[in-house]
Amino acid sequence: MEEAMFASFQKAVFKKVAEQLKLRFPHRSLELVYPDDLILQDLDFLKTNNKLLWNAGIKSRIFTDLNESHPIKLVVYYRGEPIGYAFGGFNQELQSVEVGWMEKRNDAHEDLDHQMLGIVLDAYSAYALFLNAQGHQVNTIAMVSPVEGAKRYYLESNFAFDGNYKNGASAMILTRATNVDE
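If you're wondering where the values come from, they're calculated on a predicted model, not measured in any experiment.

Chemist: Before we move on, could you go through the packing of aromatic side chains and cite the residues and values that matter?
Modeler: Each aromatic ring pair is described using two quantities: the centre-to-centre distance and the angle formed by the ring planes. According to the stated counting rule, one finds seven aromatic pairs in the structure shown. Among the aromatic residues, those joined into a cluster by ring pairs are Phe9, Phe14, Tyr127 and Phe130.

Chemist: Could you give an account of the nonpolar core, naming the residues involved and the relevant values?
Modeler: Among the nonpolar cores identified, the biggest contains 39 residues, and Leu32, Val97 and Tyr124 are the most heavily contacted of them. Contributing elements (two or more residues each) for this core: helix 1 (3–21), strand 2 (71–78), strand 3 (81–91), strand 4 (96–104), helix 4 (116–133), strand 5 (140–144), helix 5 (148–156) and strand 7 (169–175). No other element matches helix 4, which puts eleven residues into this core. One finds Ile39, Leu40, Val75 and Tyr77 within the second-largest nonpolar core, a separate group that totals ten residues.

Chemist: Requested: an account of the sheet that holds strand 6 (residues 160–166), with residues and values cited.
Modeler: Strand order in the open sheet formed by seven strands is 1-2-3-4-5-7-6, with mixed pairing between adjacent strands. The sheet terminates laterally at strand 1 (31–33) and strand 6, the two strands that pair on one side only. Shown here is a sheet whose adjacent strand axes are inclined to one another by a mean of 30 degrees, direction ignored. For strand 3 and strand 4, the ladder comprises eight bridges, and the chain directions are antiparallel. Residue Phe87 lies in a different strand from strand 4, and its bridge partner there is Trp101. Sheet strands in contact with helix 1 are strand 1 and strand 2, and its direction is about 35 degrees off that of strand 2. Docked against the sheet, helix 2 (residues 37–48) engages strand 1, strand 2 and strand 3, running at close to 115 degrees with respect to strand 3.

Chemist: Quick one: what's the story with the pairing of strand 2, residue by residue and with numbers?
Modeler: Among the eight residues in strand 2, eight count as buried, and that is most of the element. Burial along strand 2 is two-sided: Pro71, Lys73, Val75 and Tyr77 facing one way and Ile72, Leu74, Val76 and Tyr78 facing the other are all buried. Sheet topology note: the strand 1/strand 2 ladder contains three bridges and is antiparallel. For Glu31, the partnering residue across the bridge sits in strand 2 and is Tyr77. As paired strands, strand 2 and strand 3 are joined by eight bridges and run antiparallel to one another. For Val76, the partnering residue across the bridge sits in strand 3 and is Gly84. Here strand 2 folds back onto strand 3, and the loop between the two strands holds two residues, one of which, Arg79, carries a positive phi near 55 degrees.

Chemist: Can you explain helix 2? Please cite residues and give values.
Modeler: An ideal rise of 1.5 Å per residue puts 16 Å on twelve residues; helix 2 measures up with 16 Å between its terminal C-alpha atoms. Of the positions making up helix 2, those classed as buried are Ile39, Leu40, Leu43 and Leu46. Viewed along the axis of helix 2, the buried residues span an arc of 110 degrees, placing them on a single side of the element. Across from the buried face of helix 2, at angles greater than 90 degrees, the exposed residues are Asp37, Leu38, Gln41, Phe45 and Thr48. You can read the cap of helix 2 off the contacts: a side-chain oxygen lies 3.0 Å from the backbone nitrogen of Leu38, and it is on Asp36. Phi turns positive, to about 60 degrees, at Asn50, one or two residues after helix 2.

What counts as what
Residues numbered from 1 in each chain as written. Predicted model: local features only at pLDDT ≥ 70, side-chain atom pairs only at ≥ 80, totals over all residues. Heavy atoms only, no water. Phe/Tyr/Trp six-rings, centres within 6.5 Å; stacked < 30°, edge-to-face > 60°. Core = buried A, V, L, I, M, F, W, Y, C linked by side-chain atoms within 4.5 Å. Buried < 20%, exposed > 50% of the residue type's maximum accessible area, 1.4 Å probe, protein only. Helix = DSSP H or I, 4+ residues; strand = E, 2+ residues; numbered from the N terminus. Pairing = 2+ DSSP bridges. Axes fitted to C-alpha atoms, helices over the stretch in contact; angles between N-to-C directions. Contact = heavy atoms within 4.5 Å. Expected span 1.5 Å × (residues − 1). Arc of directions from axis to C-beta. Polar contact = N/O pair within 3.5 Å; in protein donor to acceptor, adjacent residues only side chain to side chain.

Any functional reading would require information that these geometric values do not contain.
Right, here's the structure in full:
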């Protein structure tokens with residue numbers, strides 16, 4: 001599959017997940033989207049205005065630049081505004097969907113307090129199920145190279161730490177048995 005095909009599959013999967021998740025929030029505006037250039041500009045605007053720490057537009061392009069074989073790109077909108085993103089990929093060798101970068105804007109609506117990880121896990125889990133249905137094997141979700149301050153939160157959220165996940169990089173691992181249901 002090529003990136004355009006991945007994008008169309010992810011758009012469909014993320015839309016379905018958003019339809020289910022939006023019922024959890026007081027404002028029914030949650031959108032989960034695959035980023036196009038305009039969405040990346042929205043994220044760059046947030047970075048310029050100190051609402052995000054990292055330059056999401058550059059991070060999104062890193063997967064293409066590094067010839068990532070199967071990128072997974074998610075941007076979360078709520079109340080009509082971008083509130084965060086999770087960029088990663090499918091690692092066929094490790095049978096894992098990976099999140100390389102995840103960030104929520106620092107002024108996100110209070111409805112989304114402590115919700116970003118759950119939203120990302122729901123979207124990535126649904127995409128993992130889609131990949132399984134396509135004949136791929138996905139057994140884990142990996143938060144690759146987690147920042148030190150987040151490790152405890154991941155451990156409290158049923159992740160396990162792997163200090164040598166891939167090429168010396170650490171990861172927080174959530175296995176299929178603990179979260180990714182069929």
